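# Secondary and tertiary structure notes
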Amino acid sequence: MEIKDVRPLALVKDGETVKIVNIAAGCGLNSRLRAMGLWPGVEIVVVNNRNSGAFVVKVKESKIVLGRGIANKIMVS
Amino acid sequence: MKKITVALAGNPNSGKTTVFNMLTGARQHVANYPGVTVEQKEGFRRYDGYEIRFIDLPGTYSLDAYSIEELVARDFIIDEHPDVVVDVVDSSNIERNLYLATQLIEMDVPLVLAFNMSDIARLNGLVFDIDEMSELLEAEIVLTVGSKGRGGNELLAAILRTAEKEKTKRSHKISYGREINEKVAELSGLIEQIDNKAIEKYHPDWLAIKLLERDKQIAEKIKDDTVKQKADESIKEIKAILGDELEVLMADRRYGFISGACQETIKKTVEFRHSFSDTIDSVLTNQVLGLPIFLFLMFVVFQITFAIGSYPMGWLESFFDWLCKVTINYWPGDNMLWLRSLLVEGVIRGVGGVVMFLPNILLLFASIAILEATGYMARAAFIMDRVMHKIGLHGKSFIPMIIGFGCSVPAIMATRILENRRNRFTTIMVIPLMSCGAKFAIYALLIPAFFPLKWQGTMLWLIYVVGIIIAIICVKILRLTVFKGETTPFVMELPPYRMPTFKALGLYTWQRGWMYLKKAGTIILLMSIILWFAKTYPKPAQESLQGLNAQQVHEIKLSSSVVGRIGKTIEPAIKPLGFDWKIGTALVGSVAAKELFITQLSIVYAVDSDAEQSHNLRYRLRETYTEHRPLMGFCIMLFCLISSPCVATVVMTKQETGSWGWAMFQFFGLTILAYIVTLIVYQVGILFVG
């Protein structure tokens, strides 16, 4: 994994598949994201990053809406 | 007969409620968990010599105690020691759903897994090796389809087998890797030595795991400092050795365990296709079409509620008219005429005026239930996020607001899904602006009385939209002043689209409708009687009534009563809004419960115990207000929409915000706002209509 490929999730375009590298969120939010299946190492597909509002990703079989704020805190490659 | 308690746990959208309905039938009732306002559903079932009590725990993704729901679910399992815990798993999304199961396994509870929605899993090409998986997870597994009632008996049998089984310690729980396993064992041993009290309720291994995960709630329960110190040291050591946060590593192991178990036991026979849900989503959450579709759907909901609901409403209305006539005609002579008047004008008209709207309320709740059960509600929150974000809330706040269209009380309870206090309080403050079922009843009465037929549907839609717009403005102001600060992160699942079952819809609608009826039978009945006395006494002097016609007599009697006096007192204040004192009295009455606005109007307008002249209320309103009728009607609705929330809402706001201050802020703030807005609308409107 090359370091230069690491970027915030918010910059990923529709339809791309990426791998989570790091989540820089607080303890509580971290545990919630984990329980929903988002933690370093998993592959996610960006479903909807078209509008300026929330952001939709697909992890395994579930679709999850993330606010812009979180999408900036999740680093992917 | 042996009695056992079974708790149902599971992720949101795993179909837990349909499984609960399948297991218990209609034998269930809704209550609150003691101390908090999370709803607890309880149901009973007799099976094979057992009386089984089922508890439907709130839907959670984990038992980490991040939200109140998670805490409630966890505390129930720990404190009540259910004989069996059933984890309802969405088997078409197995890996994520099993995360909760791993936490239940760690707690070492007697566990049965219901692999629900197994029909969808099969359609997606998943084949499970149940025996193998059951061995790995050390729990019985049953395939179910809750929505079609399949697998219920098998699940009951598995529950009983698990309850009867001698409790044995699980052999190979999830392994966290050598280093962490050692720390868990050390800490667990230490807890067992020192803290005898804690391990009465909790498994020492589980306590150790939670301490290592820095669970605040558990840390508070451990009184001993040596244990805490040891836990802190262990966390540091692990970080030094493995270079990562301990809770991240543990989650990693849990998912590792799950994915290992799944790889061994699940075969995928079909490759993943573009799913049905994705296709629908590409339209419904489309950047351009999403918002118009949402607004259109709302419009349809209100049209249906009004158009279809008007037929049964008419029948109920005729029924109560008939009941009044019968009571008057068959009254024995001239005895106790006051009692006849109390029965007819107070009880039948008062309660009947509210019960009449039951069909509309049922239709409205059914519509909300359909939106919720199909999965559209989460999309609506997503679509609205763009708008909501601009005013400083996120899309999730929209869900309690939509529930607010049914009733403010559950809506305020539903704000618990918002983790941030500022977001939550802001949402609570504006929820009364979402026109609830009771306000709907007011609109349903006033719209046909004040507007021509072709405007009626549009007017109803308009008043709802006005409420939403005012709410948006209020939020913006609140977020810039009282609740200033950052918004919290927004995370929400978009569940797959599903066909709701009639049983689930029916039960939900019935439970809400029953609450409405209960309110009509208790508080509204009581208030109707009180209001009747208030409008009847004190009576005017007999001589002042001589030589007047019936209408004039009624007017004089009313204005000398308590109600009339209050109305007259506030008349100067409400005159600039276009309201007379009769409407004023109805507004005063509506503070106790919004429905009482109708009750009060019915009582005020009924001509004293004279069957010939007791026309229906709408007719009387039309007869009374001839000038600027649409403008007046709109102003009354506007004032009812914005002004003081009902007593139940005030109490709920107090409970959820923890202070009377916020409840009063909401109560007076909204009332003052209502006054200002209505004043402007009426005064500007009058310029145009002359």
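You'll find the structure just up there.
Sequence positions are assigned chain by chain, starting from 1 and proceeding in written order. The order in which chains are written sets their letters, starting at A; the order in which ligands are written sets their numbers, starting at 1. At least 70 in pLDDT is required for a residue's local features to be given in this predicted model, at least 80 for side-chain atom pairs to be given and counted, and no such filter applies to totals for whole chains, interfaces and linings, which use all residues. Here the side-chain values reflect all heavy atoms present in the structure, with hydrogen atoms and water set aside.

## Observations concerning the overall build of chain B
- Counting its regular elements, chain B contains 32 helices and 10 strands.
- For chain B, the spread of C-alpha atoms along the principal axes amounts to about 100 × 60 × 55 Å.
- Only protein chains enter the accessibility calculation, which uses a 1.4 Å probe; a residue is then buried when its area is under 20% of its type maximum, exposed when over 50%, and partly exposed in between. Out of the 690 residues in chain B, the part that is buried amounts to 56%.
- Residue contacts are defined here by distance: any two heavy atoms, one from each residue, within 4.5 Å place the two residues in contact. For chain B, restricting intrachain contacts to residue pairs at least 6 apart in sequence, the fraction spanning at least 24 positions comes to 74%.
- In the structure as shown, chain B presents an accessible area of about 29,500 Å², 62% of it carried by carbon and sulfur atoms.
- In chain B, the 71 positive side-chain charges and the 70 negative ones have mean positions that sit 7 Å from each other. Numbered from the N terminus, helices here are DSSP runs of H or I no shorter than four residues, and strands are runs of E no shorter than two. Accessible surface area values rest on a Shrake-Rupley calculation with a 1.4 Å probe, where residue burial reflects the displayed protein chains alone. In this charge count, Lys and Arg are treated as positive and Asp and Glu as negative; neither His nor the chain ends contribute. Charge positions come from single atoms, namely NZ of Lys, CZ of Arg, CG of Asp or CD of Glu.

## Here's the deal with the overall build of chain A
- Helices and strands together make up the secondary structure of chain A, namely two helices and six strands.
- Listing the helices and strands of chain A from first to last along the sequence gives β-β-α-β-β-β-α-β.
- A total of 77 residues make up chain A; the buried ones form 55% of that total.
- Across chain A, every contact between residues at least 6 apart in sequence was considered, and the portion connecting residues at least 24 apart equals 54%.
- In the structure as shown, chain A presents an accessible area of about 3,200 Å², 53% of it carried by carbon and sulfur atoms.

## Section: the interface of chain B and chain A
- Chain B puts 34 residues into the contact, and the matching count from chain A is 30 residues.
- Across the interface of chain B and chain A, roughly 3,000 Å² is buried in total on both sides, 58% from carbon and sulfur atoms.
- Computed with a 1.4 Å rolling probe, the buried area is the accessible surface lost when two parts are put together, summed over both parts. Its largest share of buried area at the contact with chain A, chain B owes to Tyr66(B), Phe382(B) and Val491(B), together 19% of the area lost on that side.
- Salt bridges are counted wherever a side-chain nitrogen of Lys or Arg sits within 4 Å of a carboxyl oxygen of Asp or Glu. Linking chain B to chain A there are four salt bridges.
- We note a salt bridge from Glu70(B) to Arg32(A), for which the minimum N-O separation is 3.2 Å.
- By the criterion applied in these results, polar contacts are pairs of N or O atoms within 3.5 Å in which, for protein atoms, one can donate a hydrogen and the other can accept it, and in which residues neighboring in sequence qualify only through two side-chain atoms. Linking chain B to chain A there are 11 residue pairs in polar contact (both at pLDDT 80 or more).

## Re the side chain of Thr327(B)
Residues and elements named next belong to chain B.
- For Thr327, the position within the fold is in helix α15 (residues 310–329).
- A distance of 2.6 Å separates the side chain of Thr327 from the backbone oxygen of Leu323, its partner in a polar contact.
- In this structure Thr327 touches Val344 and Ile348, once residues within four positions along its chain are discounted.

## Let's talk about the packing of aromatic side chains
- Each Phe, Tyr or Trp ring, with Trp reduced to its six-membered ring, pairs with another whose centre is within 6.5 Å; inter-plane angles below 30 degrees give stacked pairs, above 60 give edge-to-face pairs, and intermediate values give tilted ones. Applying the stated criterion across every chain, the model contains 20 aromatic pairs over all chains.
- Ring centres of Trp39(A) and Tyr255(B) lie 4.0 Å apart, and the angle between their planes is 15°; on these two criteria the pair is classed as stacked. Of this pair, Trp39(A) sits in the loop between α1 (27–35) and β3 (43–48) while Tyr255(B) sits in helix α12 (residues 246–265), on two different chains. An identical accessibility class is assigned to Trp39(A) and Tyr255(B); each is buried.
- Ring pairing ties together the aromatic residues Phe425(B), Phe483(B), Trp662(B) and Phe665(B), which thus form one cluster.

## Overview of α15(B)
Residues and elements named next belong to chain B.
- Expected helix span is taken as 1.5 Å per residue step, with the number of steps being one fewer than the number of residues. An ideal rise of 1.5 Å per residue puts 28 Å on 20 residues; α15 measures up with 28 Å between its terminal C-alpha atoms.
- For α15, the complete set of buried residues consists of Met313, Glu317, Phe320, Cys324, Thr327 and Ile328. One side of α15 holds all its buried residues, which, seen down the axis, span an arc of 100°. Opposite the buried face of α15, at more than 90 degrees from it, the exposed residues are Tyr311, Trp315, Trp322 and Asn329.
- Residues of α15 that are buried sit in contact with α16 (337–355), α17 (358–374) and α29 (617–624). Starting at the helix axis, one direction is taken to each C-beta atom, and the arc is that of these directions.

## Some details on the pattern of salt bridges
- Taken as a whole and assessed by the stated rule, the structure comprises 22 salt bridges over all chains.
- Linked by salt bridges that have partners in common, Lys58(A), Lys63(A), Asp278(B), Asp281(B) and Arg379(B) make up one network.

## Description of the side chain of Asp90(B)
All names here are of chain B.
- Structurally, Asp90 can be placed in strand β5 (residues 84–90).
- At a separation of 3.4 Å, a polar atom in the side chain of Asp90 contacts the side chain of Arg498.
- If we skip the residues at most four places from it in the chain, Asp90 touches Asn13, Ser14, Asn97, Asn116, Met117 and Arg498.

## With respect to the pairing of strand β1 (residues 2–10) of chain B
Residue and element names in this part refer to chain B.
- Counted residue by residue, β1 has seven buried out of nine residues, so it is predominantly covered.
- Strand direction decides the pairing type here: β1 and β5, joined by five bridges, are parallel. Among the inter-strand pairings, Ala7 is bridged to a residue of β5, identified as Val85. Paired strands, as defined in this entry, are two strands with at least two bridges between them according to DSSP.

## A word on the pairing of strand β4 (residues 50–56) of chain B
All names here are of chain B.
- Burial within β4 is extensive, with six of its seven residues counted as buried.
- Examined bridge by bridge, β1 and β4 share seven bridges and lie parallel to one another. Bridge pairing links Ile4 to Ile52 in β4.

## Some remarks on a nonpolar patch on the surface
Residues and elements named next belong to chain B.
- A cluster of nonpolar side chains, contributed by Val647, Val651, Trp660, Met664, Phe668, Ile672, Ile676, Ile680, Val684, Leu687, Phe688 and Val689, occupies part of the molecular surface with about 1,200 Å² of accessible area.
- Of all the elements in the fold, those that place two or more residues in the nonpolar patch are α31 (647–657) and α32 (660–689).
- In terms of residue count, the dominant contributor to the nonpolar patch is α32 (10 residues).
- Assignment of secondary structure puts Ile680 in helix α32.
- You can call Ile680 partly exposed: its relative accessible area is 49%. The patch calculation keeps residues exceeding 30% relative accessible area without a salt bridge and links them within 9 Å when they carry like charges or within 5 Å when they are nonpolar (Val, Leu, Ile, Met, Phe, Trp, Tyr).

## Notes on unusual backbone geometry
All names here are of chain B.
- Between Tyr537 and the following residue, Pro538, the backbone shows a cis peptide bond with an omega angle of -10°.
- By the element assignment, Pro538 lies in the loop between α24 (502–536) and α25 (550–560).
- Phi at Asp48 is positive, roughly 50°, even though this residue is not glycine.
- The residue Asp48 is located in the loop between β3 (39–47) and β4 in this model.
- Exposure remark for Asp48: the relative accessible area of 64% places this residue in the exposed category.

## Comments concerning a negative patch on the surface
- Taken together, the side chains of Asp129(B), Asp131(B), Glu132(B), Glu135(B) and Glu264(B) present a region of like negative charge at the surface.
- Here the negative patch gets three residues from one element, more than from any other, and that element is helix α5 (residues 130–137) of chain B.

## Considering the environment of Glu543(B)
- Along the chain, Glu543(B) turns up in the loop between α24 and α25.
- It is 43 Å that separates the C-alpha atoms of Glu543(B) and Phe668(B), two residues lying 125 residues apart in sequence.

## Details of the sheet that holds strand β1 (residues 7–8) of chain A
- Strand order in the open sheet formed by seven strands is β1(A)-β6(A)-β2(A)-β3(A)-β4(A)-β5(A)-β10(B), with antiparallel pairing between adjacent strands. Each end of this open sheet is capped by a strand with a single partner; those strands are β1 of chain A together with β10 (491–494) of chain B.

## So, α32(B)
All names here are of chain B.
- A rise of 1.5 Å per residue sets the reference length of α32, with its 30 residues, at 44 Å; its end C-alpha atoms lie 43 Å apart and thus fit the reference within 8%.
- Where α32 is concerned, the buried positions are Trp662, Ala663, Gln666, Phe667, Leu670, Ala674, Thr678, Tyr682, Gly685 and Ile686.
- For α32, the secondary structure elements touched by its buried residues are α21 (421–430), α30 (629–642) and α31.
- By the N-cap criterion, in which a side-chain oxygen at the helix start approaches the backbone nitrogen of a residue two or three places on, α32 is capped by Ser659, the distance to Gly661 being 3.3 Å.

## Description of the state of the cysteines
All names here are of chain B.
- In this description, the term disulfide denotes a pair of cysteine sulfurs within 2.5 Å. Using the criterion set out here, one finds zero disulfides over all chains in the structure.
- There is no disulfide at Cys640, and the cysteine sulfur nearest it, in Cys436, is 10 Å away.
- Judged by relative accessible area, which is 1%, Cys640 ranks as buried.

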